[in-house]
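Listed here are the chains, written in short residue letters.
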Amino acid sequence: AGIAPSAHQMSTQPYKVLGQSSGSASHFTLFNIIPFGKANIEKAVQEAIRKKGGDNLINVRYWQKTTWVFIGYLTTFHVEGDVIKYTQ
């Protein structure tokens, strides 16, 4: 878990805040050996930005949740933040 000022390097351009958004990305590991899917924090960030049609995510909060089941485990990365759009 953690916080960050922005998901990507900030531009010097002015921007407007489009609103809060969230994203997640998951993958499953069968028998603790065979991974299915690829989940990373960048995929979750892109989902959050895409939902609002913006360019970057600021005031980012992120965390990871792992759920164990009999045949393996599911790992999910979550992000939340304010989506911004750069203006001219």
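Our subject is the structure that appears above.
This is a predicted model, so every value here is computed, not measured.

A. Spotlight on the pattern of salt bridges. Across all of its chains, the model carries 3 salt bridges by this definition. Between D55 and K85 there is a salt bridge, and its shortest N-O distance comes to 3.9 Å. Of this pair, D55 sits in the loop between helix 1 (41-52) and strand 4 (56-69) while K85 is found in strand 5 (residues 72-86), placing the two residues 30 residues apart along the sequence. The class of D55 is partly exposed, set by a relative accessible area of 33%. With a shortest N-O distance of 3.6 Å, R61 and E80 are connected by a salt bridge. Separated by 19 residues along the polypeptide, R61 in strand 4 and E80 in strand 5 bring together distant segments of the chain.

B. Representation of the packing of aromatic side chains in the model. Inspection of every chain in the model, using the stated rule, returns 2 aromatic pairs. With a centroid separation of 4.5 Å and an interplanar angle of 45 degrees, the aromatic rings of W68 and Y73 are classed as tilted. Judged by relative accessible area, which is 58%, W68 ranks as exposed.

Conventions used here
Throughout this document, residue positions are counted from 1 along each chain, in the order its sequence is written. With the structure being a predicted model, the display of local features is reserved for residues of pLDDT at least 70 and the display and counting of side-chain atom pairs for 80 or more, all residues being used for whole-chain, interface and lining totals. With hydrogens and water set aside, each side-chain value is computed from the structure's full complement of heavy atoms. The salt bridge definition used is simple: a Lys or Arg side-chain nitrogen within 4 Å of an Asp or Glu carboxyl oxygen. Labels follow the DSSP assignment, with helices taken as runs of H or I lasting at least four residues and strands as runs of E lasting at least two, numbered in each case from the N terminus. Relative accessibility thresholds used throughout: buried, under 20% of the residue-type maximum; exposed, over 50%; partly exposed, between the two (1.4 Å probe, protein chains only). Here is the rule: rings of Phe, Tyr and Trp (six-membered ring for Trp) pair when centre to centre is within 6.5 Å. Planes less than 30 degrees apart are stacked, more than 60 are edge-to-face, and the remainder are tilted.

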